[in-house]
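Per-entry structural report
Each chain is listed here by its residues.
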Amino acid sequence: MSNSANASTSRAPAQQWSTRISFILAAAGAAVGLGNIWKFPYVAGENGGGAFVLVYLFCIALLGVPMLMAEVLIGRRGQQNPVNSMASLAREAGAKPAWKNVGRLGVVTGFLLLSFYVVVAGWALAYIPITATGTFVGLQPQEVGQMFDGHLQQPLPLIGWSTLVLLLTLGIVGRGVRKGLEKAANLLMPLLFVFLLILVGYASTTGHFGEAVEFMFKPDFDKLTASGVLIALGHAFFTLSIGGGAMMIYGSYLSPQVSIARTSILVAILDTAAALLAGLAIFPIVFAYGLEPGGGPGLIFVTLPIAFGQMPLGTLFGTLFFLMLSVAALTSAFSLIEPAIAWLTEKRLMSRFKASVLGGSGIWLLSLGTVFSFNIGADWTLAGKTFFESLDYLISGWMLPLGGLLMALFTAWVMKPEATAEELGGDSAAYRLWLVLIRFLVPVVIMVIFLQAIGVITL
Ligand code: TRP
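None of these values were measured; they are calculated from a predicted model.

Turning our attention to the overall build of the protein chain. Across its full length, the protein chain holds 18 helices and zero strands. Radius of gyration (C-alpha) of the protein chain: 21 Å, near the 23 Å computed for a compact globule of 459 residues. Taken over the C-alpha atoms alone, the protein chain extends approximately 65 × 50 × 45 Å along its principal axes. Of all intrachain contacts in the protein chain linking residues separated by at least 6 positions in sequence, the fraction that spans at least 24 positions is 82%. Summing over all exposed atoms, the protein chain offers an accessible surface of approximately 17400 Å²; the carbon and sulfur share of this is 68%. Between the mean site of the 24 positive side-chain charges and the mean site of the 21 negative ones, the protein chain shows a separation of 16 Å.

Turning our attention to the side chain of Asn375. Turning to its location among the elements, Asn375 is positioned in the loop between helix H15 (352-372) and helix H16 (387-414). Judged by its relative accessible area of 8%, Asn375 is buried. When near neighbours in sequence (up to four residues on either side) are disregarded, Asn375 contacts Leu152, Gln153, Gln154, Pro155 and Leu158.

In contact at an axis separation of 9 Å, helix H3 (residues 50-78) and helix H4 (residues 82-93) are set at 80° when each is read in the N-to-C sense. Taken together, the axes of H3 and H4 are roughly perpendicular relative to one another. Each of Ile74, Gly75, Arg77 and Gly78 in H3 lies in contact with H4, whose residues at this interface are Ser85, Met86, Ser88, Leu89 and Glu92. A class-by-class count of the residues in the contact of H3 with H4 yields three nonpolar, four polar and two charged.

Moving on to the site of the ligand. The environment of the ligand is made up of 17 residues, and the closest members are Ala31, Gly35, Tyr117, Phe238 and Ser241. Contact between the ligand and Tyr117: an oxygen atom at 2.6 Å from a side-chain N or O atom of the residue. At 2.9 Å, a side-chain N or O of Ser241 approaches a nitrogen atom of the ligand. Relative to its free-state accessible area of 360 Å², the ligand is covered by the protein chains to the extent of 100%. Elements that contribute at least two residues to the shell around the ligand include exactly helix H1 (20-31), helix H2 (34-46), helix H5 (100-132), helix H10 (226-239) and helix H14 (314-346). Across the shell around the ligand, the residue classes break down as nine nonpolar, eight polar and no charged.

What follows is about the nonpolar core. Core analysis: the biggest nonpolar cluster contains 174 residues, and Trp123 and Phe321 have the highest contact counts within it. Here this core gets 19 residues from one element, more than from any other, and that element is H14. Every residue in contact with Trp123, bar those within four places of it in the chain, is listed here: Trp38, Phe148, His151, Leu152, Leu158, Phe301 and Phe374.

Position of His235 relative to the elements: it lies in helix H10. For His235, a relative accessible area of 4% gives the class buried. Taking the C-alpha atoms as reference, His235 lies 17 Å from Ala408; in sequence the two are 173 residues apart. The residues touching His235, leaving out its near neighbours within four places in the chain, are Gly35, Lys39, Phe40 and Tyr56.

This part takes up the pattern of salt bridges. Scanning the entire structure with this criterion turns up nine salt bridges. Between Arg77 and Glu423 there is a salt bridge, with the nearest N and O atoms lying 2.9 Å from each other. In this pair, Arg77 is assigned in helix H3 and Glu423 in helix H17 (residues 417-423), connecting sequence segments 346 residues apart. Given a relative accessible area of 4%, Arg77 falls into the buried group. According to the relative accessible area criterion, Glu423 is buried, its value standing at 1%. Between Asp220 and Lys223 there is a salt bridge whose closest N-O contact spans 3.8 Å. Overall, the relative accessible area of 48% leaves Lys223 in the partly exposed class.

A word on the environment of Arg104. Following the sequence through the fold, Arg104 ends up in helix H5. Classification of Arg104 as partly exposed rests on a relative accessible area of 38%. Considering only alpha carbons, one finds Arg104 and Thr331, 227 residues apart in sequence, at a separation of 22 Å.

The rules behind the values
Residues numbered from 1 in each chain as written. Predicted model: local features only at pLDDT ≥ 70, side-chain atom pairs only at ≥ 80, totals over all residues. Heavy atoms only, no water. Helix = DSSP H or I, 4+ residues; strand = E, 2+ residues; numbered from the N terminus. Rg over C-alpha atoms; globule rule 2.2 N^0.38 Å. Contact = heavy atoms within 4.5 Å. Areas by Shrake-Rupley, 256 points an atom, 1.4 Å probe, with all protein chains shown as cover. Lys, Arg positive; Asp, Glu negative; His and termini not counted. Charge placed at Lys NZ, Arg CZ, Asp CG, Glu CD. Buried < 20%, exposed > 50% of the residue type's maximum accessible area, 1.4 Å probe, protein only. Axes fitted to C-alpha atoms, helices over the stretch in contact; angles between N-to-C directions. Parallel < 35°, antiparallel > 145°, perpendicular 65-115°, else oblique. Nonpolar A, V, L, I, M, F, W, Y, C, P; charged D, E, K, R; others polar. Near = heavy atom within 4 Å. Polar contact = N/O pair within 3.5 Å; in protein donor to acceptor, adjacent residues only side chain to side chain. Core = buried A, V, L, I, M, F, W, Y, C linked by side-chain atoms within 4.5 Å. Salt bridge = Lys/Arg side-chain N within 4 Å of Asp/Glu carboxyl O.

Here you go:
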């Protein structure tokens, strides 16, 4: 269907996904993560449910999918790590070589994001044995809350768990595209969806399923605020893993025959399905025990364990829940370090092993900052934010949207339409729709987010 910009540097087959399904599962693995299962339910809960979910779905469809396509397209045509891919496409378009900084931004963003992602993923991993040993059975709600707070107070175990997450990630990513990323995605993603469905089935036995469905899907626009809309938007980018070079590097392993539009839509559908199923697994339980749906970040580490401690078979299904959360987090973690690994191996000519050790060490050191911001470093603050909060704000609020904006502008206005049309399967009505969305809607909306964030406009 399409030719790569530089066929001479096309990846060898061993450096490509062996099937279209493998790419879809790996990209869905990148997309489905803590964002879907930890963050989506609590932000939806805090922002009133149905109306928020509706706005979120619009953001995914109208902004998220075109941006995902743009990022995959750059990778697929560039055929290299994000920095080299941007450089070679800029060359092809006769544009400034400085565009390669967008690739650099992506590599750095993924790297920084992983440094706190491994810490939260570590909480999930820690909760598997904690739940499995029946710790929550019969505990009072305050006691469960105290347990979570106590867990965050101890730096050493936290470091141990996040180190384990990092080692598991490097162990997979270090094996390369086919033997590592692809094999893991083919095994873990179907498992993840099976776990999710089992948990939704379990939640439906509480008799409060209808209430959850109503909460999630019945829009009450009085409950939606302007900041809720912005949160929905930011989350749509985050959940699809846009703007951090992850989809770019995964796109670079994609064979030229595969349709970017169709696969991107499928990835977005799988990601959305995972978020909605997570909500349907969590809210019936929350309602059945008279708990708060807007429980904040503690929703799944405090609210849910309270319920698991009281429900029949709560220990079994609670353990399954944290197992599922850990799987989701791991497959996302792969995608956050792969851009850096590919850059180190291709640009710095390191072996994958060396690159993994080097990249992993850097992430490990940085992750200490996040660990300490919950205990001994809780008052090392910048403008009232802890290290963790500052990093999250910088990345989710600024670096990811900026990366996404620049990638959108690059495919929309810098690359030649013939080149983008070639990657997207030719000039068609669907292609034109993509071009309009990526040229106008996406940049305008992202600029509005920035203007609002720096206080130039108030929504
Ligand atoms: N989408 C993942 C989640 O929902 C997080 C993630 C993985 C990500 N890779 C990314 C976010 C790249 C931005 C960019 O948890």
